[in-house]
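# What the coordinates show
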Amino acid sequence: MAVVQVTRLVKRFVGAGEAVEVLSDLDMELGEGGSLALTGRSGSGKSTVLNLLCGLEAADRGRIGVLGETFQGNAGGYSRDEERRWAVLRRRAIGVVFQDANLMPALSLLENVRFRARLAGQPEPSAKGWLERLGIGELADRYPDQVSGGQRQRAALAMAFAMSPGLILADEPTGSLDHHTADDVADCLFSMQQETGCSLILATHDLALAARCQSRLDLGLEQPVVTSSPS
């Protein structure tokens, strides 16, 4: 079963009175438990694809299928029913991990994870367990500004996995970290993705990180084609 299926997707942005086409007739598909890396130069549309796949932006044309829901691109935006369905998917089934951890500063790490689990309808007691599995259980009561960047990013992963999502979208999740810390966070991401069986789409400039995914889509090409990563 396809968790994500995109057909002839077109996205334009208007700047200085001129429409610029960022995505042109993009096709892509991702199955259950699969992992796909989006690569390409800055401005090639990596983050835009992730925003389209969680309904934060609407395509101008094309079809998006995510976790059994289907949305039709329309330059005028989504209907109320489509907005409602996207909101449900984001709350319950799509975990999003940003380059900056995006934690709520007034809440402890544990409270951040509990809050995200509660929104997704998952048991809050599991929150501490996710922090422990990601190696930061002893930091549960600390606030985001009291821990390192790598520890904040592990907490962000705990928030995403505590949802029990069908799909995780990760936008440069290690981009702001030093090499050693980035490797540790990447290890956590792929380990938890394989353990839980959720699907993963990862946007990154890091080709070594992209190679850890099962397949890769280079949006910098004139005609992007999904290729398998070497095992």
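Residues numbered from 1 in each chain as written. Predicted model: local features only at pLDDT ≥ 70, side-chain atom pairs only at ≥ 80, totals over all residues. Heavy atoms only, no water.

### Here's the deal with the sheet that holds strand 3 (residues 35-39)
Taken in spatial order, the 6 strands make up an open sheet running 6-7-8-3-9-10, and their pairing is mixed. One side of each edge strand has no neighbouring strand; the edge strands of this open sheet are strand 6 (94-97) and strand 10 (226-228). Pairs of neighbouring strands in the sheet enclose a mean axial angle of 20°, with direction left out of account. Alignment of strand 7 (residues 167-171) against strand 8 (residues 199-203), held across 5 bridges, turns out to be parallel. Within strand 8, the residue paired with L169 across the bridge is I201. Across the sheet, helix 6 (residues 179-196) is in contact with strand 3 and strand 8; its angle to strand 8 comes to roughly 155°. (Pairing = 2+ DSSP bridges. Helix = DSSP H or I, 4+ residues; strand = E, 2+ residues; numbered from the N terminus. Axes fitted to C-alpha atoms, helices over the stretch in contact; angles between N-to-C directions. Contact = heavy atoms within 4.5 Å.)

### Quick look at the packing of aromatic side chains
Tallying each qualifying case throughout the model produces 4 aromatic pairs. With 3.9 Å between their ring centres and 15° between their planes, F71 and W86 make a pair best called stacked. Taken as a pair, F71 in strand 5 (residues 69-72) and W86 in helix 2 (residues 80-92) lie far apart in primary sequence, 15 residues in all. As far as burial versus exposure is concerned, F71 and W86 are alike and both buried. Measuring from centroid to centroid gives 5.8 Å for W130 and F161, while their planes differ by 20°, and the two rings are stacked. In this pair, W130 is assigned in helix 4 (residues 126-133) and F161 in helix 5 (residues 149-162), connecting sequence segments 31 residues apart. (Phe/Tyr/Trp six-rings, centres within 6.5 Å; stacked < 30°, edge-to-face > 60°. Buried < 20%, exposed > 50% of the residue type's maximum accessible area, 1.4 Å probe, protein only.)

### A closer look at helix 4
Residues of helix 4 that are buried include every one of A127, W130 and L131, and no others. Along the axis of helix 4, the buried residues cluster in a sector spanning 100°; they form a single face. The elements touched by buried residues of helix 4 are helix 3 (109-119), helix 5 and helix 6. Following helix 4 by one or two positions, G135 has its phi on the positive side, about 80°. (Arc of directions from axis to C-beta.)

### Concerning the state of the cysteines
Under the defined criterion, the tally for this structure stands at 0 disulfides. Not part of a disulfide, C54 finds its nearest cysteine sulfur in C198, a span of 15 Å. Not part of a disulfide, C188 finds its nearest cysteine sulfur in C198, a span of 14 Å. (Disulfide = S-S within 2.5 Å.)

### Brief notes about the sheet that holds strand 2 (residues 18-31)
Read across the sheet, 4 strands follow the order 2-1-4-5 without closing on themselves; strand pairing throughout is antiparallel. Each edge of the sheet is formed by a strand with only one pairing partner; in this case those strands are strand 2 and strand 5. On average, each strand axis in the sheet is inclined to that of its neighbour by 20°, with strand direction left out of account. Summarising the sheet, strand 4 (residues 61-66) and strand 5 pair through 4 bridges and their orientation is antiparallel. Across the sheet, the residue bridging to I64 is F71, located in strand 5. Running over the sheet, helix 1 (residues 46-53) touches strand 1 (2-15), strand 2 and strand 4 and is turned about 65° from strand 2. Running at roughly 135° to strand 5, helix 2 makes contact with strand 4 and strand 5 of the sheet.

### Quick word on the nonpolar core
In terms of nonpolar packing, the biggest core is built from 40 residues, with L103, L109, V113, L131, L157, F161 and I168 touching the most fellow members. Listed by contribution, the elements that provide at least two residues to this core are helix 3, helix 4, helix 5, strand 7, helix 6, strand 8 and helix 7 (207-210). Examining the composition of this core, we find that 8 residues originate from one element, helix 5, more than from any other. Sequence-distant contacts of F161, defined by excluding residues within four places in its chain, comprise W130, I168, L189, M192, Q193, T196 and C198. (Core = buried A, V, L, I, M, F, W, Y, C linked by side-chain atoms within 4.5 Å.)

### A closer look at helix 2
Taking 1.5 Å per residue, 13 residues should reach 18 Å; helix 2 reaches 18 Å between its end C-alpha atoms and fits that length. Three or more residues of helix 2 are buried, namely E82, R85, W86 and L89. Considered in projection along helix 2, the buried side chains sweep an arc of 100° and stay on one side of the axis. Of the surrounding secondary structure, the elements contacted by the buried residues of helix 2 are helix 1, strand 4, strand 5 and strand 6. (Expected span 1.5 Å × (residues − 1).)

In short, geometric facts, not functional conclusions.
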